[in-house]
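# Geometric and topological summary
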Amino acid sequence: MCIRDSSNRDGFIVGALAGVIGAIVIAVGTGILWYFFNENYLGELNNITRMGELDPEMITMMAEIVNNPVLVVLGAFVVYLILNFVMAGFGGFIGATVINRREGAVPKEPRD
């Protein structure tokens, strides 16, 4: 794909794929950080529960989520997949629009 002959749709697709790859990288990084700092997460959870009056069921649920690395990584992946997909997709869309509007850009032939 030539940059000057790219469509806005192509820019969105490339940006969205970059967002998916970014979400995977963040999920792997979250898993690594969880492995090294799991005890600190539990300590911070205790500090939070002492400061406010939370429902005991909520405290139990939070402790189960923090203790389970699969849930932590999966949660980070889902959140960042949505955010990165949308933001990087629109970034690619805007980038393709800017590149196509430059002086000297080769005009595209209409598709049938």
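Per chain, residue numbering runs from 1 following the sequence as it is written. Owing to the predicted nature of the model, reporting of local features is limited to residues with pLDDT of at least 70; listing and counting of side-chain atom pairs is limited to 80 or more, with chain, interface and lining totals taken over all residues. With hydrogens and water set aside, each side-chain value is computed from the structure's full complement of heavy atoms.

### Things to note about the overall build of the chain
The helix and strand inventory of the chain stands at three helices and zero strands. Note on contacts: a residue pair qualifies if any of its non-hydrogen atoms lie within 4.5 Å across the two residues. Taking as baseline every contact in the chain between residues at least 6 positions apart, the subset at least 24 positions apart corresponds to 85%. We get accessible surface area from the Shrake-Rupley algorithm with a probe of 1.4 Å; when it comes to residues, only the shown protein chains can shield them. Within the structure as shown, the chain displays about 8,400 Å² of accessible surface, and the carbon and sulfur contribution to it stands at 68%. Elements are defined by DSSP. Helices are runs of H or I of four residues or more, strands are runs of E of two residues or more, and each kind is numbered from the N terminus.

### Looking at the packing of aromatic side chains
Two aromatic rings from Phe, Tyr or Trp, using only the six-membered ring of Trp, form a pair when their centres are within 6.5 Å; if the ring planes differ by under 30 degrees the pair is stacked, by over 60 it is edge-to-face, and anything between is tilted. One pass over the full model with this rule turns up three aromatic pairs. Summarising the aromatic geometry, the rings of Phe-12 and Phe-85 are spaced 6.1 Å apart at their centres and angled 90° between planes, so their arrangement reads as edge-to-face. Taken together, the positions of Phe-12 in helix 1 (residues 8-51) and Phe-85 in helix 3 (residues 69-100) put the pair 73 residues apart, joining distant regions of the chain. A 1.4 Å probe rolled over the protein chains alone gives each residue an accessible area, and that area as a share of the maximum for its type sets the label: buried under 20%, exposed over 50%, partly exposed in between. Taking relative accessible area as the criterion, Phe-85 reaches 37% and is therefore assigned partly exposed.

### A short note on the environment of Gly-89
As for its placement among the helices and strands, Gly-89 is situated in helix 3. Taking the C-alpha atoms as reference points, Gly-89 and Leu-17, 72 residues apart in sequence, are found 7.8 Å from one another. Dropping the residues within four chain positions of it, Gly-89 is found in contact with Gly-11, Phe-12, Gly-15, Ala-16 and Asn-84.

### With respect to a nonpolar patch on the surface
On the surface, Leu-74, Val-78, Ile-82, Phe-85, Val-86, Met-87, Phe-90, Phe-93, Ile-94 and Val-98 cluster together to form a nonpolar patch covering roughly 930 Å² of accessible area. Among the secondary structure elements, Phe-90 is positioned in helix 3. Owing to a relative accessible area of 46%, Phe-90 belongs among the partly exposed residues under this scheme. Think of a patch as exposed residues, more than 30% relative accessible area, with no salt bridge, where like charges cluster within 9 Å and nonpolar side chains (Val, Leu, Ile, Met, Phe, Trp, Tyr) cluster within 5 Å. What counts as a salt bridge is simple: a side-chain nitrogen of Lys or Arg found within 4 Å of a carboxyl oxygen of Asp or Glu.

### A closer look at helix 3
Within an α-helix, residues lying three or four positions from one another point in the same direction, as the helix has 3.6 residues per turn. One less than the number of residues in a helix, times 1.5 Å, gives the span that helix is expected to have. Taking 1.5 Å as the rise per residue, helix 3 with 32 residues should run 46 Å; its terminal C-alpha atoms sit 44 Å apart, in good agreement. For helix 3, the full list of buried residues reads Val-72, Ala-76, Gly-89, Gly-92, Ala-96 and Thr-97.

Function-wise, these values are silent; they only describe arrangement.
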